[in-house]
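Chain and residue survey
One-letter residues, chain by chain:
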Amino acid sequence: MKKVIIIGGGVIGLTSAYFLRKSGADVTIIEKGEFGMACSRGNQGWVCPAIHEPVPTPGLVTESIQMLMKKDSPLYIKPSAMPQLSGWLTQFMKHCNEAAFKKGEEALLTTSKHTLSLFDEIQKDGVDFELHKKGMLFVFLHESNLKKKLERLEGRLASVWTSKAGVQKSAGG
């Protein structure tokens, strides 16, 4: 029997452990706190295959610089921590471009294609958890952000439909 150690007892770690155990692996989960109370709590346990965008987006660097210095910002970083984070921030900023974004988006789309069917399988096995498939509501403060989101969603729909039809389509159209 294969032995597997999973670091993190959030929704992804627990789901991974579930399927590994189901396939016969001996699974140990290491969690520093309570299961589901770290990242999964912060995102309310959401796994959203429809929202699979990489964090480093084109234009994020410009938007982020303003937020980094505001204490009430979700992206605030203490100035004293900047030297320790500078290497990571530099690498992160290198990926805030359209080419890296599209590559990351495609990787996330590939990963998330079977997510809902896997959750259906877990429910059929009798595991009780909350699951909603009624859609999502996106709210935008600026019309330009709505247009960007619609363009991305339309691109994804085209990708899904062409792949289902067996048609290969390049990223450029």
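What counts, and at which threshold
- Residues numbered from 1 in each chain as written.
- Predicted model: local features only at pLDDT ≥ 70, side-chain atom pairs only at ≥ 80, totals over all residues.
- Heavy atoms only, no water.
- pLDDT = per-residue confidence, 0-100.
- Contact = heavy atoms within 4.5 Å.
- Pairing = 2+ DSSP bridges.
- Helix = DSSP H or I, 4+ residues; strand = E, 2+ residues; numbered from the N terminus.
- Right-handed = clockwise from strand over helix to strand, strands pointing away.
- Buried < 20%, exposed > 50% of the residue type's maximum accessible area, 1.4 Å probe, protein only.
- Arc of directions from axis to C-beta.
- Patch = residues over 30% accessible without salt bridge, like charges linked within 9 Å, V, L, I, M, F, W, Y side chains within 5 Å.
- Areas by Shrake-Rupley, 256 points an atom, 1.4 Å probe, with all protein chains shown as cover.
- Salt bridge = Lys/Arg side-chain N within 4 Å of Asp/Glu carboxyl O.
- Expected span 1.5 Å × (residues − 1).
- Phe/Tyr/Trp six-rings, centres within 6.5 Å; stacked < 30°, edge-to-face > 60°.

**Observations concerning the confidence of the model for the chain**
This prediction gives the chain a mean pLDDT of 82; 87% of its residues lie at or above 70. Segment residues 167-173: pLDDT under 50, and 3 contacts once partners within four positions in sequence are set aside and those in other chains are kept.

**Comments concerning the pairing of strand β2 (residues 26-30)**
In terms of strand pairing, strand β1 (residues 3-7) meets β2 through 5 bridges, oriented parallel. Bridged to Ile7 within β2 is Ile30. Where the polypeptide runs from β1 across helix α1 (residues 11-22) and back to β2, its parallel neighbour, the crossover connection is right-handed.

**Concerning helix α3 (residues 60-68)**
Buried within α3 are the following residues: Leu60, Ser64 and Leu68. Down the axis of α3, the sector holding all buried residues measures 60°, keeping them to one side. Facing away from the buried side of α3 by over 90 degrees, the exposed positions are Thr62, Ile65 and Gln66.

**Section: a nonpolar patch on the surface**
Taken together, Ile5, Ile7 and Ile30 make up a surface patch of nonpolar side chains, about 330 Å² in accessible area. Mapped onto the fold, Ile5 is located in strand β1. In this structure Ile5 comes out as exposed when scored by relative accessible area, which is 59%.

**Here we look at α1**
Taking 1.5 Å per residue as the helical rise, α1 with its 12 residues ought to reach 16 Å, and the 16 Å between its terminal C-alpha atoms agrees with that figure. Inspection of α1 places Gly13, Thr15 and Ala17 among the buried residues, and these make up the whole buried set. Packing partners of the buried residues in α1 comprise β1, β2 and α6 (115-124). Count one or two residues on from α1 and you reach Gly24, which has phi positive near 105°.

**Some remarks on the packing of aromatic side chains**
Scanning the model with the defined rule gives 3 aromatic pairs in all. With centroids separated by 5.4 Å and ring planes inclined at 85°, the aromatic side chains of Tyr18 and Phe19 adopt a geometry described as edge-to-face. What makes Phe19 partly exposed here is its relative accessible area of 21%. Between Trp88 and Phe92 the ring centres are 5.1 Å apart and the planes differ by 25°, which places this aromatic pair in the stacked class. Note that Trp88 and Phe92 are positioned in helix α4 (residues 82-94) at a spacing of 4 residues, about one turn of the helix. Residue class for Trp88 comes out exposed when judged on its relative accessible area of 52%.

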